[in-house]
Amino acid sequence: EDQVTQSPEALRLQEGESSSLNCSYTVSGLRGLFWYRQDPGKGPEFLFTLYSAGEEKEKERLKATLTKKESFLHITAPKPEDSATYLCAVLKGGNQFYFGTGTSLTVIP
Amino acid sequence: GAVVSQHPSRVICKSGTSVKIECRSLDFQATTMFWYRQFPKQSLMLMATSNEGSKATYEQGVEKDKFLINHASLTLSTLTVTSAHPEDSSFYICSARGGSGNTIYFGEGSWLTVV
């Protein structure tokens, strides 16, 4: 069964405390893995797309990596403004798009 | 980057009336648009997928006659909630696929309150 699982569900970090969010998937025929940030009451904001195992992308304090079974979103020295829900999604062939349930990140000053 | 715009961002309507939400891709042609519903503190729930010029494909359990989707052009899709009831109150989000790398971009979402 095609599935996307994110962990942990919630994460509290002190400002400056680096950590990683996990997105594991059992989708065959991966066409792309996407990371989004969602603030309360807003639509998801696009962060990264990864297409193949071994690929890495960076943006400010965020770095996304991809293997054949999972993706990690590494957050280096987070700040309170990084607090949000982070969603990953997997695109299969055609328009089959599977979302994880998200990781709610809170960064404490 | 690519931008997807939703309108209105907030709408209040009376029970029994219909309300239309628009989703526009502003700087790219969207071959496919998606409509989601999101309940508080939950993930996105896909309602339907629409391709320009063809009928939308609805997910199981989503009423086609209640949630009318029209994808009239490569930059515009609309969701019409017909005969709205209070239980239809929710956050509705659209997304559009297109642009470079076929990335999927989301709109800002629309809050619907049915009173």
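Residues numbered from 1 in each chain as written. Chains lettered and ligands numbered in written order. Predicted model: local features only at pLDDT ≥ 70, side-chain atom pairs only at ≥ 80, totals over all residues. Heavy atoms only, no water.

K.L.:
Help me understand the sheet that holds strand β1 (residues 4-7) of chain A in this model?
P.N.:
What holds strands together in a sheet is hydrogen bonding between their backbones, with the strands either parallel or antiparallel. All names here are of chain A. Strand order in the open sheet formed by five strands is β1-β3-β8-β7-β6, and the pairing between neighbours is antiparallel. With one partner strand each, in any of the chains shown, β1 and β6 (56-59) form the two edges of the open sheet. When strand polarity is set aside, the average angle formed by the axes of neighbouring strands in this sheet is 15°. In this structure, strand β7 (residues 62-66) lies alongside strand β8 (residues 70-75), joined through five bridges in antiparallel fashion. Along β8, the bridge assignment pairs Ala-64 with Leu-73. (Pairing = 2+ DSSP bridges. Helix = DSSP H or I, 4+ residues; strand = E, 2+ residues; numbered from the N terminus. Axes fitted to C-alpha atoms, helices over the stretch in contact; angles between N-to-C directions.)

K.L.:
Help me understand the packing of aromatic side chains, please; the structure alone is not making it clear to me.
P.N.:
Two aromatic rings, taken as a pair, are described by how far apart their centres are and by the angle between their planes. Scanning the model with the defined rule gives 15 aromatic pairs over all chains in all. Measuring from centroid to centroid gives 6.1 Å for Phe-97 of chain A and Phe-34 of chain B, while their planes differ by 35°, and the two rings are tilted. In this pair, Phe-97 of chain A sits in strand β10 (residues 97-99) while Phe-34 of chain B sits in strand β4 (residues 30-38), so the two residues belong to two different chains. When sorted by exposure, Phe-97 of chain A lands in the same class as Phe-34 of chain B, which is buried. A connected cluster of aromatic rings, assembled from ring pairs, spans Phe-34, Tyr-36, Phe-46, Phe-97 and Phe-99 of chain A together with Phe-28, Phe-34, Tyr-36, Tyr-105 and Phe-106 of chain B. (Phe/Tyr/Trp six-rings, centres within 6.5 Å; stacked < 30°, edge-to-face > 60°. Buried < 20%, exposed > 50% of the residue type's maximum accessible area, 1.4 Å probe, protein only.)

K.L.:
In this structure, what is going on with the interface of chain B and chain A? I would like to understand it.
P.N.:
The accessible area lost on association of the parts is a frequent measure of interface size. Between chain B and chain A, the contact holds 21 residues from the first and 19 residues from the second. For the pair chain B and chain A, the two sides together bury roughly 1400 Å², of which 56% comes from carbon and sulfur. It is Arg-97, Ile-104 and Phe-106 of chain B in chain B that bury the most area against chain A; as a group they hold 32% of the surface buried on that side. Viewed at the interface, chain A and chain B are joined by zero salt bridges. Put simply, chain B and chain A have five residue pairs in polar contact (both at pLDDT 80 or more) between them. Residue assignment for the side of chain B that touches chain A shows that the elements contributing at least two residues are β4, β5 (44-51), β9 (90-98) and β10 (104-106) of chain B. Of all the elements, β4 of chain B adds the most residues to the side of chain B that touches chain A, at four residues. Among the residues making up the side of chain B that touches chain A, the classes are represented as nine nonpolar, ten polar and two charged. (Contact = heavy atoms within 4.5 Å. Buried area = accessible area lost by both parts, 1.4 Å probe. Salt bridge = Lys/Arg side-chain N within 4 Å of Asp/Glu carboxyl O. Polar contact = N/O pair within 3.5 Å; in protein donor to acceptor, adjacent residues only side chain to side chain. Nonpolar A, V, L, I, M, F, W, Y, C, P; charged D, E, K, R; others polar.)

K.L.:
Help me understand the sheet that holds strand β3 (residues 19-25) of chain B in this model?
P.N.:
Residues and elements named next belong to chain B. If you trace the four strands from one edge of the open sheet to the other, you get β1-β3-β8-β7, paired in antiparallel fashion. Of all strands in the sheet, those bounded by a partner on one side alone are β1 (4-7) and β7 (67-73). This sheet shows a mean twist of 15° between the axes of neighbouring strands, independent of strand direction. By the bridge criterion, five bridges tie β7 to strand β8 (residues 76-81) in an arrangement that is antiparallel. Pairing of Asn-70 across the sheet is with Thr-78, part of β8.

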